[in-house]
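# Remarks on the overall topology
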Amino acid sequence: MEELRKQLDSLEAKQEKAKGDPRLSPTGREEALRELKGQINETWQEIDRTYQERAAELDKQISVTMRSMPTPDISMEYMMAENREADRLIGRLILAGDPKTFLGVIEKAAQGTESTRNAVLTAFGRAAEMAQKRWPGEGDDGELLDKSSLLYQLGEIHKRLEDELKPAIVREYEAKVEALENQQKELRDQYNKIKIRKAFR
C-alpha cells in the first residue's frame, strides 16, 4: 500500500508539472495530461484492489487462527477436584455477613494456589448471583460496596484470574490474532489516509 501511495504521489507531481511545462505545446500538454490521468486512475484502482485483497486475506488468517486455537485438555479428576474446591469457596461465602467480608473471601482465594484461583473462576457465576440477591443496597460501613460496585470488583478479579491462568499455548494464539488485527488496523488507516486525499483532489 505504501509503494502505491508513493507511485500516486509521483504521478500527481508529474501531472502538476505537465500543466505548467513551457516546453509542451497545447496538444502535447493535453496528451501528457490525458496519459497521466489514465495512469492515476489505474493506480487508484490498484489501491482499491490491493486493499480489498489484503483485508480479505487478513480476515481469513484471523478466522483460521481462532478456529485452530487449542482447548486445554482437562481430566475428569481435575474437574471434580476443582468443583469440590469451588463448593468449599461457596460455603465460605455463605458465612460472609457483609459485602466487604464477601469480597475479602474472594480476594484471598484469588491470591492463593492455582487450585483456589481456579475455584474462583469455577464458582464465579454462583458467587455473583449470591451477591446480587444478598446486598441490593449499600454496605453497612458506608463504603462504596453497593451491589453494582461489588459486582464490578468481582468482575475485575475474574478478568485478572482468567488472564493469569490462561495456558501458554492459548496466549500464543491470542498474540497471533492480536498481531493480525494490528495489521488490519494499519492497513485500514493507510487506506483511509489515501482515500481522504482523493476526496480533496
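Time to look at the pattern of salt bridges. One pass over the structure, following the stated rule, counts 17 salt bridges. Where Glu-46 meets Arg-49, a salt bridge forms, and the shortest distance between an N and an O atom there is 2.3 Å. Of this pair, Glu-46 and Arg-49 both sit in helix H2 (residues 26-67), separated by 3 residues, roughly a single helical turn. The partly exposed category is assigned to Glu-46, whose relative accessible area is 29%. Between Asp-87 and Arg-126 there is a salt bridge whose closest N-O contact spans 3.0 Å. Note that Asp-87 is positioned in helix H3 (residues 76-94) and Arg-126 in helix H5 (residues 114-134), a separation of 39 residues in sequence. Via salt bridges that share partners, Glu-2, Arg-5 and Asp-9 belong to a single interconnected network.

Our next topic: the nonpolar core. Counting residues in hydrophobic clusters, the biggest one holds 25 residues, and the most contacted among them are Leu-89, Leu-93, Phe-102, Ile-106 and Leu-154. Element by element, the count of residues in this core is highest for H5, at 8 residues. Among the nonpolar cores identified, the runner-up in size contains 18 residues, and Met-1, Leu-8, Tyr-51 and Val-177 belong to it.

Looking at where Val-120 falls in the secondary structure, it is placed in helix H5. Taking the C-alpha atoms as reference, Val-120 lies 6.6 Å from Ala-86; in sequence the two are 34 residues apart. In contact with Val-120, other than residues within four places in its own chain, are Leu-89, Ile-106, Ala-109, Ala-110, Ile-157 and Leu-161.

For helix H1 (residues 2-19), with 18 residues, the first-to-last C-alpha span of 26 Å sits near the 26 Å given by 1.5 Å per residue. Burial in H1 covers these residues: Leu-4, Leu-8, Leu-11, Glu-12, Gln-15 and Ala-18. Seen along its axis, H1 keeps its buried residues to an arc of 120°; they face one direction. Within H1, the exposed residues directed more than 90 degrees away from the buried face are Glu-3 and Lys-17.

Definitions and cut-offs
Residues numbered from 1 in each chain as written. Predicted model: local features only at pLDDT ≥ 70, side-chain atom pairs only at ≥ 80, totals over all residues. Heavy atoms only, no water. Salt bridge = Lys/Arg side-chain N within 4 Å of Asp/Glu carboxyl O. Helix = DSSP H or I, 4+ residues; strand = E, 2+ residues; numbered from the N terminus. Buried < 20%, exposed > 50% of the residue type's maximum accessible area, 1.4 Å probe, protein only. Core = buried A, V, L, I, M, F, W, Y, C linked by side-chain atoms within 4.5 Å. Contact = heavy atoms within 4.5 Å. Expected span 1.5 Å × (residues − 1). Arc of directions from axis to C-beta.

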